[in-house]
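Chain by chain, the residues:
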Amino acid sequence: MKFGKEFTTHLEETLPEWRDKYLCYKPLKKLLKHLPSTGGDNLTDGGDNPPPPPPHLQDWFVRILNEELDKFNDFYVDKEEEFIIRLQELKERIERVKERSGKDGVFTKDSEFSDEMMGIRKDFVAIHGEMVLLKNYSSLNFAGLVKILKKFDKRTGRLLRLPFTQLALDQPFFTTEPLNRLVRECEENLELLFPLEAEVVESDATAEEPTRGTTSYASNVSPSLPLGEENVDIYRSTLAAIKAIQGLKKASSTYNPLSFSYIFGNQDNDSTGAITAENSDSDPLVGSQSDKDTDQEDSHPPE
């Protein structure tokens, strides 16, 4: 599936209140159609390339993209700060439940399956889904920028993609290391909140040390856990975002530093990597399926 359709599909499936925070991909794509083209298919009868568009067009386009970066950064930073506060509040709620259990800070059977703990579990599942969704928000917007920049360069004959991509890599919305730590911390708590049944301390248990196993919280979540409609929406949106990113990674078959598999792989490893003229995809020997998809999109008439 072409990136434009992938992006549109994700917007339709994501949380409604997030939709206007994403890249205006379709409007930008339509905007580029109205720029004067210097592409090879527009040669004159004399074989000469048409004159390049005036420099002010690039300045104007960069201003538009900078406004998009500001939008990404504002939303991303606000959500990240919100997650820090919500995660701390959830941890404090857990401690209060433990203190009231009267078992030296250890969950009893009654406290483990109380309505309060069920509520805490639901809230942890919700915030974890939103954190993963924010990571994919970062990746999808970056991917959209790269696509739009490639279209701009192809349309105008300029070389804006390389410097602007490097600028985007250093933006707060693509600096996901703090968010990765929050996700890991959230998952550690989820492991504890969804224990195996044998791990639950009975209210009349003796001082015998309970046996603990290592397992994933997801495998222990009861399918009847009432997550609530709002959490189901988060779950569905997160799955849609993950599917879109996986599609982008599969579409790129090389380790080109501007390919999605390279960039998103480094993002997952908390390292973005610098892009230089020497390792960019300006080398004709380096190609990616993502560029072919862009060419296919450009070959279609304006929508």
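Predicted model only: the values in this text are computed from it and were never measured.

Here we take up the overall build of the protein chain. Per the secondary structure count, the protein chain includes ten helices and zero strands. Helices (α) and strands (β) of the protein chain occur, in sequence order from the N terminus, as α-α-α-α-α-α-α-α-α-α. When burial is assessed residue by residue, the protein chain has 44% of its 303 residues classed as buried. The contacts of the protein chain with a sequence gap of at least 6 include a subset with a gap of at least 24, amounting to 80%. Of the roughly 16,200 Å² of accessible surface on the protein chain, a fraction of 53% belongs to carbon and sulfur atoms.

This part takes up the nonpolar core. Grouped together as the largest cluster of nonpolar side chains are 53 residues, with contacts concentrated most on Phe124, Met131 and Leu145. Elements that contribute at least two residues to this core include exactly helix 1 (3-13), helix 2 (25-33), helix 3 (55-101), helix 5 (115-156), helix 6 (161-169) and helix 7 (177-193). Per-element tally for this core: the top contributor is helix 5, with 16 residues.

Further remarks concern the packing of helix 3 against helix 5. Two elements in contact, helix 3 and helix 5, have axes whose closest approach is 10 Å; the angle formed by their N-to-C orientations is 165°. Taken together, the axis directions place helix 3 and helix 5 in an arrangement best described as roughly antiparallel. Note on packing geometry: the crossing formed by helix 3 with helix 5 is left-handed. By residue class, the composition of the contact of helix 3 with helix 5 is 23 nonpolar, four polar and ten charged.

We now examine the pattern of salt bridges. Considering all chains together, one arrives at ten salt bridges under this definition. Note that Glu82 and Lys79 form a salt bridge whose closest N and O atoms lie 3.2 Å from each other. In this pair, Glu82 and Lys79 are both assigned in helix 3, three residues apart and thus about one turn of the helix distant. Of the charged contacts, one joins Lys79 and Glu130 as a salt bridge, the two residues approaching to 3.6 Å between their closest N and O atoms. Taken together, the residues span a long stretch of sequence, with Lys79 in helix 3 and Glu130 in helix 5 at a distance of 51 residues. You'll find Lys79 and Glu130 in the same group, each marked buried. Within this structure, Lys79, Glu82, Arg86 and Glu130 form a network of salt bridges that share partners.

This next bit is on the packing of aromatic side chains. The description of an aromatic ring pair rests on the distance of the ring centres and on the angle between the ring planes. For the structure shown, the criterion picks out 13 aromatic pairs. Ring centres of Trp18 and Tyr137 lie 6.2 Å apart, and the angle between their planes is 90°; on these two criteria the pair is classed as edge-to-face. Linking Trp18 in the loop between helix 1 and helix 2 with Tyr137 in helix 5, this pair joins segments that are 119 residues apart in sequence. Taken together through their ring pairs, the aromatic side chains of Phe3, Phe7, Trp18, Tyr22, Tyr25, Phe72, Phe75, Tyr137, Phe142, Phe173 and Phe174 make up a single cluster.

Glancing now at the environment of Glu112. With respect to the helices and strands, the residue Glu112 is situated in helix 4 (residues 109-112). Counting along the chain gives 14 residues from Glu112 to Lys98, while the straight-line C-alpha distance between them is 9.2 Å.

All right, on to the packing of helix 3 against helix 7 then. Remark: helix 3 packs on helix 7, axes separated minimally by 11 Å, with the N-to-C direction vectors making an angle of 25°. Considering the angle they form, helix 3 stands roughly parallel to helix 7. The chirality of how helix 3 crosses helix 7 is left-handed. Across the interface between the two elements, Tyr76, Glu80, Phe83, Ile84, Leu87, Lys91 and Ile94 of helix 3 pack against Pro178, Leu179, Leu182, Glu185, Cys186, Asn189 and Leu193 of helix 7. When the residues that make up the contact of helix 3 with helix 7 are grouped by side-chain class, the tally is ten nonpolar, one polar and three charged.

What follows is about the side chain of Asn73. As for its placement among the helices and strands, Asn73 is situated in helix 3. If we ignore the near neighbours within four places in the chain, the residues touching Asn73 are Gln171, Pro172 and Phe173.

Next up on the list: the environment of Lys21. Structurally, Lys21 can be placed in the loop between helix 1 and helix 2. The partly exposed category is assigned to Lys21, whose relative accessible area is 27%. Remark: the alpha-carbon pair of Lys21 and Glu68, spanning 47 residues in sequence, is separated by 8.9 Å. In contact with Lys21, other than residues within four places in its own chain, are Lys71, Phe72, Phe75, Tyr137 and Asn141.

Where like charges cluster on the molecular surface, the negative patch consists of Glu67, Asp70, Asp74, Asp78 and Glu81. Its location among the elements puts Glu81 in helix 3.

Attention shifts here to the confidence of the model for the protein chain. For any part of a model where pLDDT is low, the fine detail of the predicted coordinates should not be relied upon. The predicted model of the protein chain averages 74 in pLDDT, with 55% of residues at 70 or higher. Counting contacts from residues 40-46, a segment whose pLDDT is below 50, to residues more than four positions away or on other chains yields four contacts. Within the model, pLDDT remains below 50 along residues 253-258, and this stretch shows 21 contacts once partners closer than five positions in the same chain are excluded.

Conventions adopted
Residues numbered from 1 in each chain as written. Predicted model: local features only at pLDDT ≥ 70, side-chain atom pairs only at ≥ 80, totals over all residues. Heavy atoms only, no water. Helix = DSSP H or I, 4+ residues; strand = E, 2+ residues; numbered from the N terminus. Buried < 20%, exposed > 50% of the residue type's maximum accessible area, 1.4 Å probe, protein only. Contact = heavy atoms within 4.5 Å. Areas by Shrake-Rupley, 256 points an atom, 1.4 Å probe, with all protein chains shown as cover. Core = buried A, V, L, I, M, F, W, Y, C linked by side-chain atoms within 4.5 Å. Axes fitted to C-alpha atoms, helices over the stretch in contact; angles between N-to-C directions. Parallel < 35°, antiparallel > 145°, perpendicular 65-115°, else oblique. Left-handed = near helix turned anticlockwise from the far one by under 90°. Nonpolar A, V, L, I, M, F, W, Y, C, P; charged D, E, K, R; others polar. Salt bridge = Lys/Arg side-chain N within 4 Å of Asp/Glu carboxyl O. Phe/Tyr/Trp six-rings, centres within 6.5 Å; stacked < 30°, edge-to-face > 60°. Patch = residues over 30% accessible without salt bridge, like charges linked within 9 Å, V, L, I, M, F, W, Y side chains within 5 Å. Lys, Arg positive; Asp, Glu negative; His and termini not counted. Charge placed at Lys NZ, Arg CZ, Asp CG, Glu CD. pLDDT = per-residue confidence, 0-100.

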